[in-house]
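# Topology and contacts: notes
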Amino acid sequence: MSQSADLARAQQRFARRQRLVRWRSWLPWAIGGSVVLLGALVVWLFYFSSAFAVDGVRVSGADTVPVATIEQTAAAPVGTPLAKVDLGAIADRVRSIPAVADAQVTRAWPNKVVIVITERVPVVVVTDGTRYELVDATGTSFKTLTARPSGLPEAKVTGPRREQTIRSVVTVSAALPDSLRAQVGSISAASPDSITLNLAGGVKVVWGSSDDSARKAEVLSVLMKRKAVVYDVSAPDLPVTKGEKSVVQSGR
């Protein structure tokens, strides 16, 4: 009787070991299958279901550009899974707005597209006498007005190389210290190499090209301690002042 019982227990232990061996051999397959199933579920959830679909846009950084204009231009695909949205394409469309210097687009889970814009900042207003163009520090004209805005130097640009001349004017304006820029009534430029600042009281500053603008601004600050009608800093190492009756070569 004891031998039969021992044999039965041995058979049970053997059967348990066999089941354990079979279970261990199937375990990697079971884990792998679960991972694949979970991955498929995640892909479906994020890329094909409506659980994380775009339901709106959040805009920041807009001051002068209407948010509605940004949203309309962005054309974010509402209803499309957020993971499938082409953020670069949206950013490119928003950058096409003239007053937008740059745009960064990101995802805000679970359902939003976030657009952060950098607006262009005007540094000079260019006019032909009938309209006024706001121009930023890159020389880009981004807005046209019918009335002259206050607080910006006015540039009267003529001649064939208009865009290059405008960029030169912007370089000159940016080089002026605030105290001097405030005295500039207008800037005349027939070419990139013939820029003149028109100050109050009919005083003129012959600037020439935009080359060495920082150096010219330094020289002009010293030169203006002498009363004159014309200050010529087109050659900053040989500046000239011109009064009503005499011409004085500075530095001599």
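The structure displayed is predicted, hence computed values, not measured ones.

Analysis parameters
- Residues numbered from 1 in each chain as written.
- Predicted model: local features only at pLDDT ≥ 70, side-chain atom pairs only at ≥ 80, totals over all residues.
- Heavy atoms only, no water.
- Buried < 20%, exposed > 50% of the residue type's maximum accessible area, 1.4 Å probe, protein only.
- Helix = DSSP H or I, 4+ residues; strand = E, 2+ residues; numbered from the N terminus.
- Pairing = 2+ DSSP bridges.
- 1 Å grid on protein atoms, 1.4 Å probe; cavity = no way out; pocket = protein on both sides within 12 Å on 5 of 7 lines; lining within 4 Å.
- Points joined across faces, edges and corners; volume = space filled by probe spheres on them.
- Nonpolar A, V, L, I, M, F, W, Y, C, P; charged D, E, K, R; others polar.
- Phe/Tyr/Trp six-rings, centres within 6.5 Å; stacked < 30°, edge-to-face > 60°.
- Core = buried A, V, L, I, M, F, W, Y, C linked by side-chain atoms within 4.5 Å.
- Contact = heavy atoms within 4.5 Å.

Glancing now at the pairing of strand 9 (residues 195-199). Among the five residues that make up strand 9, five are buried, leaving the element largely enclosed by the rest of the structure. What you see with strand 9 is no split at all: Ile195, Leu197 and Leu199 on one side and Thr196 and Asn198 on the other are buried throughout. Note: strand 8 (residues 184-189) against strand 9, five bridges, orientation antiparallel. Within strand 9, the residue paired with serine 186 across the bridge is asparagine 198. Between the antiparallel neighbours strand 8 and strand 9 lie five residues. As judged from the four bridges shared by strand 9 and strand 10 (residues 204-208), these two strands associate in the antiparallel manner. Each bridged residue has a counterpart across the sheet, and for threonine 196 the counterpart in strand 10 is valine 206.

Here the largest pocket is characterised by a volume of approximately 200 Å³. Of the residues in the lining of the largest pocket, the class split is seven nonpolar, two polar and four charged.

What the rule picks out here adds up to one aromatic pair. A centroid spacing of 6.0 Å and a plane angle of 85 degrees characterise the contact between phenylalanine 52 and tryptophan 109, whose relative ring orientation is edge-to-face. With a gap of 57 residues between them, phenylalanine 52 in the loop between helix 1 (2-47) and strand 1 (56-60) and tryptophan 109 in the loop between strand 2 (100-108) and strand 3 (112-119) connect regions that are remote in the sequence.

What follows covers the nonpolar core. Counting 27 residues, the largest nonpolar core has Leu197, Val205 and Trp207 as its most contacted members. At the level of elements, strand 4 (122-127), strand 7 (154-157), helix 4 (162-175), strand 8, strand 9, strand 10 and helix 6 (213-223) are the ones that each hand at least two residues to this core. Those residues in contact with leucine 197 that sit more than four places away from it in its chain are Val172, Leu176, Val184, Ser186, Ile187, Val203, Lys204, Val205 and Trp207. By size, the runner-up hydrophobic cluster in this structure holds 24 residues, among which are Leu82, Val100, Ala103 and Ile117.

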